[in-house]
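# Observations on the model geometry
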Amino acid sequence: MRRRFGVVSGPLAIFVAITIAASGAFAAEGARTADPAPSDDSPFGELCRDAEHGNAKAQYVLGCCYNGDHGVQKDPAKAAKWWGKAAAQGVADAQYYLGLSYYVGDGVPKDTAVATNWWRKAADQDHADAQYFLGLSYNTGTGVPKDTHLAFYWLKKSASLGNKEAMELLRQFGPSPG
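Residues numbered from 1 in each chain as written. Predicted model: local features only at pLDDT ≥ 70, side-chain atom pairs only at ≥ 80, totals over all residues. Heavy atoms only, no water.

Once that is clear, we can look at the side chain of Gln 131. Examined against the element boundaries, Gln 131 turns out to sit in helix H7 (residues 128-140). Only 3.1 Å separates the side chain of Gln 131 from the backbone oxygen of Ala 123, close enough to count as a polar contact. (Helix = DSSP H or I, 4+ residues; strand = E, 2+ residues; numbered from the N terminus. Polar contact = N/O pair within 3.5 Å; in protein donor to acceptor, adjacent residues only side chain to side chain.)

Our next topic: the packing of aromatic side chains. For the structure on display, the rule yields nine aromatic pairs. Ring geometry for Tyr 153 versus Trp 154: centroids 5.0 Å apart, planes at 80°, classification edge-to-face. Note on Tyr 153: relative accessible area 41%, which makes it partly exposed. Look at Trp 154 and you get buried, because its relative accessible area is 3%. An aromatic cluster is present here, built from Tyr 60, Trp 83, Tyr 96, Tyr 97, Tyr 103, Trp 119, Tyr 132 and Phe 133 joined pairwise through their rings. (Phe/Tyr/Trp six-rings, centres within 6.5 Å; stacked < 30°, edge-to-face > 60°. Buried < 20%, exposed > 50% of the residue type's maximum accessible area, 1.4 Å probe, protein only.)

Here we take up the side chain of Ser 137. Note that Ser 137 resides in helix H7. Taking the relative accessible area as the measure of exposure, Ser 137 reaches 3% and is therefore buried. Excluding residues that lie within four positions of it along the chain, Ser 137 makes contacts with Thr 116, Trp 119, Thr 142 and Val 144. (Contact = heavy atoms within 4.5 Å.)

This part is about the confidence of the model for the protein chain. Averaged over every residue, the pLDDT of the protein chain is 84; residues scoring 70 or more account for 76%. In the model, residues 1-34 has pLDDT below 50 throughout and makes 57 contacts with residues more than four positions away in sequence or in other chains. (pLDDT = per-residue confidence, 0-100.)

Our next topic: the environment of Gly 135. Counting through the fold element by element, Gly 135 comes out in helix H7. Distance in space between the C-alpha atoms of Gly 135 and Ser 158 is 8.5 Å, their sequence separation being 23 residues. Here Gly 135 is in contact with Ala 151, Trp 154 and Leu 155, once residues within four sequence places are set aside.

On to the pattern of salt bridges. Under the definition given, this model contains two salt bridges. Its salt-bridge partner being Asp 41, residue Arg 49 comes within 3.8 Å of it at the nearest N-O pair. For Glu 168, the salt bridge is made with Arg 171, and the minimal N-O distance between the two is 3.2 Å. Here Arg 171 and Glu 168 lie together in helix H9 (residues 164-173), a separation of three residues that amounts to about one turn. (Salt bridge = Lys/Arg side-chain N within 4 Å of Asp/Glu carboxyl O.)

At a minimum axis separation of 8 Å, helix H5 (residues 92-104) and helix H6 (residues 112-123) run at an interaxial angle of 165°. Between H5 and H6, the interaxial angle falls into the category roughly antiparallel. For H5 against H6, the interelement crossing comes out left-handed. Note on element contacts: H6 touches H5 through Thr 112, Val 114, Ala 115, Trp 118, Trp 119, Lys 121 and Ala 122, opposite Ala 92, Gln 95, Tyr 96, Leu 98, Gly 99, Leu 100, Tyr 102 and Tyr 103. (Axes fitted to C-alpha atoms, helices over the stretch in contact; angles between N-to-C directions. Parallel < 35°, antiparallel > 145°, perpendicular 65-115°, else oblique. Left-handed = near helix turned anticlockwise from the far one by under 90°.)

Two elements in contact, helix H8 (residues 148-160) and H9, have axes separated by 8 Å at closest approach and are oriented at 135°. One element, H8, and the other, H9, form an angle in the oblique class. Relative to H9, the crossing made by H8 is left-handed. Residue-level inspection shows Phe 152, Leu 155, Lys 156, Ser 158 and Ala 159 of H8 in contact with H9, the latter providing Ala 166, Met 167, Leu 169, Leu 170 and Phe 173. Residue composition of the contact of H8 with H9, by class: eight nonpolar, one polar and one charged. (Nonpolar A, V, L, I, M, F, W, Y, C, P; charged D, E, K, R; others polar.)

Of note in the backbone geometry, Asp 126 takes a positive phi value of approximately 65° without being a glycine. Relative to the elements of secondary structure, Asp 126 occurs in the loop between H6 and H7. The exposure class of Asp 126 is partly exposed, given its relative accessible area of 42%.

Take a look at the structure:
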């Protein structure tokens, strides 16, 4: 969960910063942001409208908001919905988080095969955390057939991108299998 806003840039980054600052004030008072009304001109309302209009980055950020981030009331089903929309448009971070949602059944039915499918899409885009979880899945045979060679392959790719958990697991595995 280290790359939370890796896809946000330019004007959207400024918008996200405003949203975070505004929601931080609500969180500090113990209040939670509700869904915006259609005429809501708040940063959160603007984010929702951008997401509704198909902006993949806004969809990803809105999923993070509904994950309980930035003072928004946690709603796992809405988080998974928005991550799903962004993931379908190729946003690797959204694919990774959607995979986590399916893996634990948070907001969606638990389905490890669907989780590994999303992790593979993100892993193919060099998402180190998705590569790590995909490697773990192949190592244990969770959601995919058990395959030590593929487990090592994905863990090695993840480690090469700096994932410390993958590095540690590879040290425990020892030399490359076969």
